[in-house]
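# Observations on the three-dimensional arrangement
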Amino acid sequence: LSDPGRAKGLAKTPLWLFHGSDDPVAPVERARKAVEAVTAAGGAVKFTEFTGAGHNIAGRVLKADDYAA
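Residues numbered from 1 in each chain as written. Predicted model: local features only at pLDDT ≥ 70, side-chain atom pairs only at ≥ 80, totals over all residues. Heavy atoms only, no water.

### Some words on the overall build of the chain
Tallying secondary structure elements over the chain gives three helices and two strands in all. In the chain, the succession of helices and strands from N to C terminus is α-β-α-β-α. The 69 residues of the chain split such that 33% are buried. At a minimum sequence separation of 6, the contacts of the chain that also span at least 24 residues come to 66%. Working note: accessible area of the chain is about 4,600 Å², and carbon and sulfur atoms make up 53% of it. (Helix = DSSP H or I, 4+ residues; strand = E, 2+ residues; numbered from the N terminus. Buried < 20%, exposed > 50% of the residue type's maximum accessible area, 1.4 Å probe, protein only. Contact = heavy atoms within 4.5 Å. Areas by Shrake-Rupley, 256 points an atom, 1.4 Å probe, with all protein chains shown as cover.)

### Side note on the pairing of strand E1 (residues 15-20)
Of the pairings in the sheet, the one linking E1 to strand E2 (residues 45-50) comprises six bridges and is parallel in character. Of the residues in E2, the one forming a bridge with Trp16 is Lys46. Regarding topology, helix H2 (residues 28-40) serves as the crossover connection from E1 to the parallel E2, and that connection is right-handed. (Pairing = 2+ DSSP bridges. Right-handed = clockwise from strand over helix to strand, strands pointing away.)

### A few points about the nonpolar core
One finds Ala7, Leu10, Leu15, Ala37 and Val38 forming the largest nonpolar core, which totals five residues. Contributing elements (two or more residues each) for this core: helix H1 (7-10) and H2. If sequence neighbours within four positions are ignored, Ala7 has contacts with Ala37, Val38 and Ala41. (Core = buried A, V, L, I, M, F, W, Y, C linked by side-chain atoms within 4.5 Å.)

### Examining the pattern of salt bridges
Counted under the stated rule, the structure contains two salt bridges. Residues Arg32 and Glu29 are paired through a salt bridge, measuring 3.5 Å at the closest nitrogen-oxygen approach. With Arg32 and Glu29 both in helix H2 and three residues apart, the pair spans about one turn of that helix. Take Glu29: its relative accessible area is 35%, and that puts it in the partly exposed class. For Glu49, the salt bridge is made with Arg32, and the minimal N-O distance between the two is 2.8 Å. Taken as a pair, Glu49 in strand E2 and Arg32 in helix H2 lie far apart in primary sequence, 17 residues in all. Put simply, Glu29, Arg32 and Glu49 are held in one network by salt bridges that share partners. (Salt bridge = Lys/Arg side-chain N within 4 Å of Asp/Glu carboxyl O.)

This is the structure we're talking about:
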């Protein structure tokens, strides 16, 4: 979801984005902008940002308290 131009097309899709605040590969600002763009297009996005985490957050995502498959 790094292209905000896709936000309108995703507005009807339930989204939950996860990102590490200290990700050196994909800066967290990209995820924040994506959340803003989809929200502005009328969509609803749940965003979980792991403070202090880097790029490899998969384990933390799967252990999130309210994670539902």
